[in-house]
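# Residue-level structure breakdown
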Amino acid sequence: MEERNLTLLTDLYQLTMMNGYLKENRKEEIAVFDVFFRQNGMITYSLACGIAQAVDYILNLRFGDEEIKYLKSLGIFCDEFIAYLKDFKFTGDVYAVPEGTVVFPGEPILTVKAPIMQAQLIETALLNIVNFQTLIATKAAKIRYAAKDDVVMEFGLRRAQAPDAGIYGARAAVIGGCNSTSNVLAGKMFDIPVAGTHAHSWVMNFKDEYTAFKAYADVYPDNALLLVDTYDTIKQGVPNAIKVFKELKEKGYEPKGIRLDSGDLAYLSKKARQMLDEAGFKNTIICASGDLDEISINSLKQQGAKINSWGVGTRLITSEDMPALGGVYKLSAVFDEKGNIIPKIKISENVEKITNPGFKNIYRVYDKKTGKAEADFIFLREEKYDNTKPLVLTHPTERWKSITFENYDLRPLQQDIIKDGKLVYKLPSLKEIKKYAKKDLESFWDEYKRLDRPHVYKVDLSDGLYKLKASMLDKIRGTGKRVEK
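Summary of the structure given here. Everything numeric here is computed off the predicted structure, so don't read it as measured data.

### Topic: the overall build of the chain
From N to C terminus, the chain includes 17 helices and 21 strands. Taken across its 485 residues, the chain has 52% of its residues classed as buried. The contacts in the chain between residues at least 6 apart in sequence include a share of 72% that link residues at least 24 apart. In the form shown here, the chain has an accessible surface area of approximately 23800 Å², with 50% of it arising from carbon and sulfur atoms. Measuring between centres, the 70 positive side-chain charges of the chain sit 2 Å from its 66 negative side-chain charges.

As structure tokens, this is what we get:
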């Protein structure tokens, strides 16, 4: 496939606003935008993902001859703007949390500081990339939490919404905790282990099930994982598998196991386990697939299902219960000619849609004794903190609620990724990201990760950010109230 130019992967209004800024002689104005997602009933935490592709997109922005020709044909842009696009490149800064970081509603996952026209152009693609991959990584993390130490395989390619979703969804799923993927292209691109057995069609295309199993085992004697539910799982499938396993054993091979794809997985797995054990195959695995997710896996475990390998597809790659993260890209500040920060805020009758103004970062508070994450707070970059002194955090809206930390460590979450249009951050490999994500998830108490009614993790605003936000709201609304700490 030819390398794609994704520069036009944007909404038209980004380009019309760019044209407008140029006409207003504001192309050099520096602006700050934040990527974050809002609170909703289904979000407890998310696993930030897609940073590497977002960076690759930004660093490769260019308007080639075909792009220029197309935009000119629309007849809505001035000649000066078309000329400007010919030499376009990103010259700004990007800050982001490392891929695999646990993040919460309202926290800036990624921040762009750049000339307004550049910052405006990249909004749509950044949201497209980060929203989807974060969504899938988070779903995978929940599935991993339910599966505990079992093997989890990503099987979603055929149900993904187009090739890119299948490819980058597989990558995100591995970051979230999957051990492998069925997607061969994703395996090649990202060095992901690939996994798979055979389909029902293989069994149906032989004169009988035993012959099909035997043929497959002859080809793959070291990896004979047999799909046993094409006809009758207990009366035919498992007995035929055991017969083939005995033949493999006589030849010196160790049978792999069986896969169940339908039916009462709890009952069938327990019955199959009993049959396999009695036949002397106690080390064989039982793999299950078929519209699984964290809820069904958790339920099967509670029922005592004898399954130790899970193939998850549709409900993972589509994040079926929440198919959109709802991430947004909002202006939070501009810089004047002297380099002074002018904070910006969007207000709304819906409290959750009121944005946090200013040029910000996130601190995570860790208990020194346990090493566990205890709270986050969003702060203005000009604010300084001394972790040798007690830290008091106050609820962002219910200011009578506060908590004091004394024996703690602070870790800033956002890191410098791009400076002046150049990459200044060593992008980690997928294996490194997966390892980091696992460690980051383990730094949170199970109460925050449990599937049923998880505890709400504290995300507060610094005193400086709270005062700024409150004073701007009072000024815009004309209340004239004095802002207290």
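### Concerning the environment of T230
Inspection of the secondary structure puts T230 in the loop between β8 (225-227) and α11 (233-250). Put simply, T230 and F444 are 214 residues apart on the chain and 42 Å apart in space, counted from C-alpha to C-alpha. In this structure, T230 is in contact with H200, V203, M204 and E209, ignoring residues within four places of it in sequence.

### Regarding the sheet that holds strand β15 (residues 373-380)
In spatial order, the strands read β18-β14-β15-β21; together these 4 strands make up an open sheet with mixed pairing. The open sheet is flanked by β18 (408-412) and β21 (459-461), the only strands paired with a single partner. Each adjacent strand pair in this sheet contributes to an overall mean axis angle of 25°, direction not counted.

### Regarding the pattern of salt bridges
Applying the stated criterion across every chain yields a total of 25 salt bridges. K301 is the salt-bridge partner of D150, the closest N and O atoms lying 2.8 Å from each other. With D150 in the loop between α6 (123-147) and β6 (151-154) and K301 in helix α13 (residues 294-302), this residue pair connects regions lying 151 residues apart in the sequence. Where D440 meets R411, a salt bridge forms, and the shortest distance between an N and an O atom there is 3.3 Å. Linking D440 in helix α15 (residues 430-442) with R411 in strand β18, this pair joins segments that are 29 residues apart in sequence. Residue R411 is classed as partly exposed on the basis of its relative accessible area, which comes to 21%. A network of salt bridges, in which partner residues are shared, links E107, R364, D376, R411 and D440.

Conventions we followed
Residues numbered from 1 in each chain as written. Predicted model: local features only at pLDDT ≥ 70, side-chain atom pairs only at ≥ 80, totals over all residues. Heavy atoms only, no water. Helix = DSSP H or I, 4+ residues; strand = E, 2+ residues; numbered from the N terminus. Buried < 20%, exposed > 50% of the residue type's maximum accessible area, 1.4 Å probe, protein only. Contact = heavy atoms within 4.5 Å. Areas by Shrake-Rupley, 256 points an atom, 1.4 Å probe, with all protein chains shown as cover. Lys, Arg positive; Asp, Glu negative; His and termini not counted. Charge placed at Lys NZ, Arg CZ, Asp CG, Glu CD. Pairing = 2+ DSSP bridges. Axes fitted to C-alpha atoms, helices over the stretch in contact; angles between N-to-C directions. Salt bridge = Lys/Arg side-chain N within 4 Å of Asp/Glu carboxyl O.

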